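Fold and contact review
Given next are the chains, with one letter for each unit.
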Amino acid sequence: MTEGLRYAYAVVRDTGAPEAALDALTALEGVTGVADESVYAVRHLGLAVLAGAVPAEDYDEGSLRERLEDMTWLETMARAHQRVVDTAGAESCVIPVRLATVCHGDEGLRRMLATGRERFASALDRLEGRVEWGVKAYATQPAAEKPPAGTANAANAPSAPNSPSAPSAPNSPGAMSGRDYLRRRKAQRQAAERRWGDTEEGTRLVHDTLGALAERSRLHPPQDPRLSGISDRNVLNAAYLVRREDSADFAERVGELAGRTPALRLELTGPWAPYSFTAMDETSGAEGKTGSAGADG
């Protein structure tokens, strides 16, 4: 298997064992790739790339460019790509390759390994025994307030003057004066400000606590609700690099934080291959943490 197009998924260390004995390939037994193809390994210079043969009608340069405009096709491909990477990385260190990386034959895969040898080897050294956990925090919605007496449905349905459902007269006990209305609106604004303050404080607590447990962390842009389908405001979208043996403690701490931050709803995902940490960030601090926590106003 040397000619044709090859789709690259991830790079692993070549341990020198027979191909069938590579941990990553053993884990992938029965798992297919983006074109329902089997995944195999191409070795070169102490590294191995996990790849699969894909059809030219979908993956040559022109066809792929058009295909990537099809969001349904792109999502299906991305899920298959992630399935291969995460399955291979379940028990061993893998460096994910960028989505939709296609090479010409096995020789093209070897050139990719040769060109990126130093970067791949460095990443494997840094990330050996580490996994990525994702944590999202959403601002919880306050419970809907009960309309004050004398105002419910007043603007929605006309009523006869003497009807029991007619709006209260200005001087009746159930009516709300202009002063009462302004006072109520002010209280609502103050309550919203307090909720937002609790949200910001909770976000910092979550990120600072989890960041202290992780070797590195990275803040991603908040998710667009139009894409995620989640209406609650995303105030934290972070990735944390954690030692594999510390994963249970990390997940337990997320659960504890969920109980301490009622203004937030926490979502934990993972463990994943370390997608967010394969490239060194020159702006990261001495502890390897990037960015700062807090909800945008």
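Refer to the structure above for everything that follows.
Everything quoted here is computed from the prediction, not taken from an experiment.

Conventions we followed
- The written sequence of each chain sets the order in which its residues are numbered from 1.
- Residues qualify for local features only when their pLDDT is at least 70, as the model is predicted, and side-chain atom pairs are given and counted only at 80 or more; totals for whole chains, interfaces and linings, by contrast, use all residues.
- Each side-chain value is derived from all of the structure's non-hydrogen atoms; neither hydrogens nor water enter the calculation.
- Think of it this way: any DSSP run of H or I at least four residues long counts as a helix, any run of E at least two long counts as a strand, and we number them from the N terminus.
- The cut-offs for exposure are 20% and 50% of the maximum accessible area for each residue type, with area from a 1.4 Å probe on protein chains only; residues under the lower value are buried, those over the upper are exposed, and the others partly exposed.
- Contact criterion: two residues are considered in contact whenever any of their non-hydrogen atoms come within 4.5 Å of each other.
- Accessible surface is estimated by sampling points in the Shrake-Rupley manner with a 1.4 Å probe; for residues, cover comes only from the protein chains shown.
- By construction, the arc corresponds to the directions joining the helix axis to the C-beta atoms.

Looking only at helices and strands, the chain features 9 helices and 9 strands. Residues counted as buried form 37% of the 297 residues belonging to the chain. Residue pairs at least 24 apart in sequence account for 79% of intrachain contacts in the chain once pairs closer than 6 positions are excluded. As displayed, the chain offers around 17100 Å² of accessible surface, 50% of which is attributable to carbon and sulfur atoms.

In this section: helix H6 (residues 117-127). Looking only at H6, the buried set comprises Phe120, Ala123, Leu124 and Leu127. For H6, the angular spread of buried residues about the axis comes to 100°, placing them on one side. Across from the buried face of H6, at angles greater than 90 degrees, the exposed residues are Glu118 and Asp125. Buried residues along H6 sit against strand E1 (5-13), strand E3 (47-54), strand E4 (95-96), helix H5 (105-115), strand E6 (130-139) and strand E8 (233-243).

Our next topic: the environment of leucine 47. When you line up the elements, leucine 47 lands in strand E3. In the structure, leucine 47 is positioned 66 residues away from leucine 113 in sequence and 7.1 Å away in space, judged by C-alpha atoms. Leaving out residues up to four positions away in the same chain, leucine 47 has contacts with Val11, Val12, Asp14, Val42, Leu113, Arg117, Phe120 and Leu124.

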